[in-house]
Amino acid sequence: MERTSTGVPNEKMLMWTFIGSECMLFASLIATFLVYRDQSIVGPYEEELLNIPFITVTTFVLLMSSLMMVLALSAVQRGDPRGSRLFLLLTAILGLIFLGGQFYEFNHFVHEGLGLSRNLFAGTFYLTTGFHGAHVAVGVIWLLTLWTLALRGRLGPEKAVTVEVAGLYWHFVDVVWIVLFTVIYLMSGATGA
Amino acid sequence: MTTGGTYAGGIWSWITTVDHKRIGILYFVSSLVFFLVGGIEAMFIRLQLATPENTVLSAQAYNQLFTMHGVTMLLFAVMPMSAAFFNFIVPLQIGARDVAFPRLNAFSYWLFLFGALFLNSSFFLGGAPDVGWFAYANLTSSQFSPGHGVDFYILGLALAGAGSIVAALNFIVTIINLRAPGMTFMRLPLFTWMTFVVSFLIILAFPPFTISTVFLLFDRMFGTLFFEPAGGGDPRLWQHLFWIFGHPEVYILILPAFGIISDVIPTFSRKPLFGYPVVVYSGVLIAFLGFGVWAHHMFAVGLGPVATSAFSGLTMLIAIPTGVKIFNWIATMWGGALRFRSAMLFSIGLVAMFVIGGLSGVMHSSAPADLQQTDTYFVVAHFHYVLFGGSILGLFAGVYYWFPKVTGRFLNERLGAVHFWLMFLGLNLTFFPMHFAGLHGQPRRTFTYPAGLGFEGFNMVSTVGAVVTFLAVLVFLVNLVRSLRTAPTAEANPWEASTLEWSISSPPPPHNFDHTPEVTSRDPLWHDGIAPPPPGEEEFHMPNPSFWPLVVAGGLLLVMAGALVGLPLVLLGVAVTLVGIYGWSFEPIH
Ligand code: HEM
Ligand SMILES: [Cu+2]
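What counts and what doesn't
Residues numbered from 1 in each chain as written. Chains lettered and ligands numbered in written order. Predicted model: local features only at pLDDT ≥ 70, side-chain atom pairs only at ≥ 80, totals over all residues. Heavy atoms only, no water. Helix = DSSP H or I, 4+ residues; strand = E, 2+ residues; numbered from the N terminus. Buried < 20%, exposed > 50% of the residue type's maximum accessible area, 1.4 Å probe, protein only. Rg over C-alpha atoms; globule rule 2.2 N^0.38 Å. Contact = heavy atoms within 4.5 Å. Areas by Shrake-Rupley, 256 points an atom, 1.4 Å probe, with all protein chains shown as cover. Lys, Arg positive; Asp, Glu negative; His and termini not counted. Charge placed at Lys NZ, Arg CZ, Asp CG, Glu CD. Salt bridge = Lys/Arg side-chain N within 4 Å of Asp/Glu carboxyl O. Polar contact = N/O pair within 3.5 Å; in protein donor to acceptor, adjacent residues only side chain to side chain. Donors = N, O, S within 2.8 Å, 3.2 Å for Na, K, Ca; no water. Domains from an automatic or database assignment. Buried area = accessible area lost by both parts, 1.4 Å probe. Nonpolar A, V, L, I, M, F, W, Y, C, P; charged D, E, K, R; others polar. Phe/Tyr/Trp six-rings, centres within 6.5 Å; stacked < 30°, edge-to-face > 60°. Patch = residues over 30% accessible without salt bridge, like charges linked within 9 Å, V, L, I, M, F, W, Y side chains within 5 Å. Near = heavy atom within 4 Å. Expected span 1.5 Å × (residues − 1). Axes fitted to C-alpha atoms, helices over the stretch in contact; angles between N-to-C directions. Left-handed = near helix turned anticlockwise from the far one by under 90°.

**Quick look at the overall build of chain A**
- Helices and strands together make up the secondary structure of chain A, namely six helices and zero strands.
- The N-to-C order of helical and strand elements in chain A reads α-α-α-α-α-α.
- Projected onto its principal axes, the C-alpha coordinates of chain A cover approximately 55 × 35 × 25 Å.
- Across the 193 residues that make up chain A, the buried fraction comes to 52%.

Now the structure itself:
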């Protein structure tokens, strides 16, 4: 590890700064979503479409993936190869399940007549959740890469910072989803299923 | 073991370089080229406006030229020239051997270059964007801008913007983490401080712009309704998102120049900067307030009295920390042993010109006054006083100041003075009359004007001034070429400056410092502020060259081109990018 002025590794500092920048990205998306809430002039409207119970389940899945990430990091730090492999894979799989849920949801909405250019809700909804989904997808690829390293025995405790940085990213993406879940779904006025 | 004693030669060594000094030189050369391109565009604009009802340019060509002039000057000339100095100087000023992420640094450069080339290629591929650098919706919709110009704008700036964000992330980490022992924050040279502040502005201001261009892209390509009134969308959304980026952007453009002259003025006054902490805090405060004033660009839109008053007041507030800095520079010179070298001339020029630009800024921060001034040449005069009189003069101060450090050679001081005085004369001739043309009602962004409205005289003087300015730039180029042919004679600290970059040879060796310096004062070279090095050789590794940054940036360029050409090219670009990222991640670093 190279000497740094603060003692914090450069990679970690980079991720924190990047997260700062990402906050502005999602803030712009969320602000737009809120400004355009209830501005659509043709249906289908959000309260007719959003399925809160279903998304609550996928939200739970994503939260659990954060827990797995914590366990994965601790396994790598301990130098526990079995745990590292297992929990990294579980994190990625839970992420994939979340993405599957999103795919199902998008697909369902399109069948209900909500094409991308249908109304303002469509544009803001697909782009905001889509940006988030893209972040999850990048995270899944990253995690699977780490997992293959672990399979080949190349993810010892000396790589803990790398895993920690991936974890920071993953937790951030989760936190963003909590905000999106609240803003898009819970505040939507949709009644439920 | 100590590696990296000398530089390898050849073009490949430049393409694969990850050395912050070489990347700095690449930035400088590219930004100079784009400065000339933007300058030539400006000459065409002035030629067209020299007389009423002129026909040098069609309205169509004129719109493309003023749009590309603005974008080029702001994003491909001033920002990358600032980045050239960030790269070359900041690691030296903080006592580091490179930036925190050398390959990421190369990557930023390639993104900027590809973005700039991509956007400029639109001239030959069906027409450049013609919607102004702020590209207001819904002029940019596919209905009103059916060509590809706007798409080039979106995609080119996506590349260049990503490059800026990546570079800024890198510099934040570098400045936080790579400071030499004893180099506390309150000992950082002002240029490094302003780099730090600007980097934060970049990472926070660019994302809203990115998002608004993504909305625009989706509106144009997939028929979404973000800026489409017929579908309930609101074009003002663009204005808000754009200026949330756009106003911090103007500080991104000026603060590096403020940093430069805050290092130059003490050197040539032989006095420490007056009120160092106040200069630092004003810089931070300017940046902070800069995020809360964006809607002063939108007074004419009609925001309602409360919002208008709030934005008006906040904008006026910004003048306070700015004014404080002006007084600090003057107080630094006061009673100093002044030496009027070229770098000093340009710095003093900045102080004088920025006062004029700042004052007109305060004038249109008052909303009722702005309603008269907005969209007239008065605003054009304002932002050229701050941008040309401020940023460009400051950057030239940096060029004359650091040239010996970068090349080991001096720029000719006589030619430097000629350059300065011609430029000073030229810019005032060009931009001062614009105040009056604007107050007489001449609208900006309009390709011609009728005779008899009283605009002729002002415009003719402006055009003459533009020619003088152009001559000044030619003098600079001659100076540059001549000096590069002289023998390198510069010693380590030719100006007897106080900061760390002057403690090592000119030009510096690839590894910068044989021993990481330990700093014990704010002006180390004036106060015996470097602790004696410990005996023995210090061990360090310099990073290896790498071509992966180029591959990844090239992949992203293909993605952008593919967005215009077709899906297969996009997929190819994605593949190249992924290969590049994996090659990069698994490349042995040492
Ligand atoms: C004392 C500080 C400043 C104040 C109070 C100020 C105020 C303003 C205001 C109110 C406008 C809007 C005018 C209009 O469109 O009607 C404006 C425009 C502009 N300002 Fe400033 N400004 C200041 C400093 C700067 C600096 C430092 C820069 C750049 C280095 C800058 C660059 C610009 C540009 C480029 C525009 C025109 C944007 C466009 O419409 O294309 N300003 N300024
Ligand atoms: Cu502004």
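Back to the text.
**Some points on the overall build of chain B**
- Across its full length, chain B carries 16 helices and two strands.
- Taken over C-alpha atoms, the radius of gyration comes to 24 Å for chain B, in line with the 25 Å a tight globule of 590 residues would show.
- Taking the principal axes of the C-alpha coordinates as reference, chain B spans close to 75 × 60 × 50 Å.
- Expressed as a percentage of the 590 residues in chain B, the buried residues total 60%.
- Pairs at least 24 residues apart make up 82% of the contacts formed inside chain B by residues separated by at least 6 positions.
- Here chain B has roughly 21,300 Å² of accessible surface; of this, 72% comes from carbon and sulfur atoms.
- Averaged over its 22 positive side-chain charges, chain B has a centre that lies 7 Å from the centre of its 26 negative ones.

**With respect to the side chain of Asp-523 of chain B**
Residues and elements named next belong to chain B.
- Assignment of secondary structure puts Asp-523 in the loop between strand S1 (518-519) and strand S2 (530-531).
- For the buried residue Asp-523, which engages in no salt bridge, the nearest side chain bearing the opposite charge is Arg-522, 6.2 Å off.
- Reaching out from Asp-523, the side chain makes a polar contact with the side chain of Ser-498 at a distance of 2.8 Å.
- Setting aside anything within four residues of it in sequence, one finds Asp-523 in contact with Pro-272 and Ser-498.

**Some details on the coordination of the copper ion (ligand 2)**
Residue and element names in this part refer to chain B.
- The copper ion (ligand 2) binds to the protein through His-247 (ND1), His-296 (NE2) and His-297 (NE2), with metal-donor distances spanning 1.8 to 2.0 Å.
- For the copper ion (ligand 2), the donor residues sit on a single chain with the sequence spacing H-x48-H-H.
- For His-247, a relative accessible area of 6% puts it in the buried group.

**A closer look at the domain arrangement of chain B**
All names here are of chain B.
- Along its sequence, chain B is carved into domain 1 (16-532 + 540-545) and domain 2 (546-590).
- For domain 1 and domain 2, the distance between their C-alpha centres works out to 29 Å.
- Listed as interface residues are 22 residues of domain 1 and, on the opposing side, 18 residues of domain 2.
- Approximately 1,800 Å² of surface area, both sides summed, lies buried where domain 1 meets domain 2, with 76% of it carried by carbon and sulfur atoms.
- Contact with domain 2 buries area across many residues of domain 1, yet Arg-103, Phe-107 and Phe-114 alone supply 35% of it, more than any other trio.
- One can count one salt bridge joining domain 1 with domain 2.
- The tally of links between domain 1 and domain 2 comes to three residue pairs in polar contact (both at pLDDT 80 or more).
- For the side of domain 1 that touches domain 2, the secondary-structure elements that each account for two or more residues are helix H4 (102-121) and helix H5 (149-177).
- With eight residues, H4 is the single largest residue contributor to the side of domain 1 that touches domain 2.
- Here the residues of the side of domain 1 that touches domain 2 are counted per class, giving 16 nonpolar, four polar and two charged.

**As for the interface of chain B and chain A**
- Facing the 35 residues of chain B at the interface are 35 residues of chain A.
- Between chain B and chain A the total buried area reaches about 2,900 Å² when both faces are included, carbon and sulfur atoms providing 73% of it.
- For the interface between chain B and chain A, the tally reads zero salt bridges.
- Linking chain B with chain A are nine residue pairs in polar contact (both at pLDDT 80 or more), by the criterion used here.
- Elements represented by at least two residues in the side of chain B that touches chain A include exactly H5, helix H6 (190-222) and helix H7 (236-269) of chain B.
- Here the side of chain B that touches chain A gets nine residues from one element, more than from any other, and that element is H6 of chain B.
- Within the side of chain B that touches chain A, the residues separate by chemical class into 27 nonpolar, six polar and two charged.

**A closer look at the coordination of the iron atom of ligand 1**
Residue and element names in this part refer to chain B.
- Of all protein atoms, just one serves as a donor to the iron atom of ligand 1, and that atom is His-382 (NE2), at 2.2 Å.
- For the pair the iron atom of ligand 1 and the copper ion (ligand 2), the metal-to-metal distance amounts to 4.6 Å.
- Mapped onto the secondary structure, His-382 falls in helix H12 (residues 377-407).

**Some points on the packing of aromatic side chains**
- One pass over the structure, following the stated rule, counts 72 aromatic pairs over all chains.
- Here Phe-125 of chain A and Tyr-185 of chain A contribute two aromatic rings whose centre-to-centre distance is 6.4 Å and whose plane-to-plane angle is 80°, an arrangement assigned as edge-to-face. Placement of Phe-125 of chain A in helix H5 (residues 120-151) and of Tyr-185 of chain A in helix H6 (residues 160-185) is noted, with a sequence separation of 60 residues between them.
- Take Phe-125 of chain A: its relative accessible area is 0%, and that puts it in the buried class.
- Tyr-185 of chain A sits in the buried class, given a relative accessible area of 0%.
- Ring centres 6.0 Å apart and planes at 45° place the aromatic pair Phe-86 of chain B and Phe-191 of chain B in the tilted group. Placement of Phe-86 of chain B in helix H3 (residues 59-94) and of Phe-191 of chain B in helix H6 is noted, with a sequence separation of 105 residues between them.

**Notes on a nonpolar patch on the surface**
- A contiguous nonpolar surface patch, about 480 Å² in accessible area, is contributed by Ile-141 of chain A together with Val-574, Leu-578, Ile-581, Tyr-582 and Phe-586 of chain B.
- Of the residues forming the nonpolar patch, the biggest block, four residues, is contributed by helix H16 (residues 567-585) of chain B.
- Considering the arrangement of structural elements, one finds Ile-581 of chain B in helix H16.
- On the basis of relative accessible area, Ile-581 of chain B is assigned to the partly exposed category, the value being 37%.

**Regarding the environment of Phe-121 of chain A**
All names here are of chain A.
- Relative to the helices and strands, Phe-121 resides in helix H5.
- Classification of Phe-121 as buried rests on a relative accessible area of 5%.
- C-alpha separation for the pair Phe-121 and Leu-89, spaced 32 residues apart in sequence, amounts to 35 Å.
- With sequence-adjacent residues up to four places away left out, Phe-121 is seen in contact with Phe-33, Ser-40, Glu-46, Leu-49, Leu-50, Leu-114 and Tyr-126.

**Let's talk about the site of ligand 1**
Residues and elements named next belong to chain B.
- Of all residues adjacent to ligand 1, which total 23 residues, the nearest are Trp-133, Asp-370, Thr-374, His-382 and Arg-444.
- Asp-370 has a polar side-chain atom sitting 2.6 Å from an oxygen atom of ligand 1.
- One nitrogen or oxygen atom from the side chain of Arg-444 is found 2.9 Å from an oxygen atom belonging to ligand 1.
- Those elements that place two or more of their residues in the shell around ligand 1 are H7, helix H10 (342-365) and H12.
- Looking at the shell around ligand 1, its residues break down into 11 nonpolar, 10 polar and two charged.

**Considering helix H9 (residues 305-333) of chain B**
- For H9 of chain B, built from 29 residues, the straight-helix expectation of 42 Å at 1.5 Å per residue is met to within 8% by its first-to-last C-alpha distance of 43 Å.
- Immediately beyond the C-terminal end of H9 of chain B, within one or two residues, lies Gly-335 of chain B, with a positive phi of roughly 75°.

**Side note on the packing of helix H2 (residues 20-49) of chain B against H12 of chain B**
Residues and elements named next belong to chain B.
- Two elements in contact, H2 and H12, have axes separated by 13 Å at closest approach and are oriented at 145°. Between H2 and H12 lies a crossing of left-handed hand. Of the residues in H12, those in contact with Ile-25, Phe-28, Phe-35, Arg-46 and Leu-49 of H2 are Tyr-377, Ile-392, Phe-396, Val-399 and Val-406.
- Looking at the contact of H2 with H12 residue by residue, the class counts come to nine nonpolar, no polar and one charged.

**Considering the side chain of Ser-262 of chain B**
- Looking at the secondary structure, you find Ser-262 of chain B in helix H7.
- Within the structure, Ser-262 of chain B has its side chain in polar contact with the side chain of Trp-329 of chain B (distance 3.0 Å).

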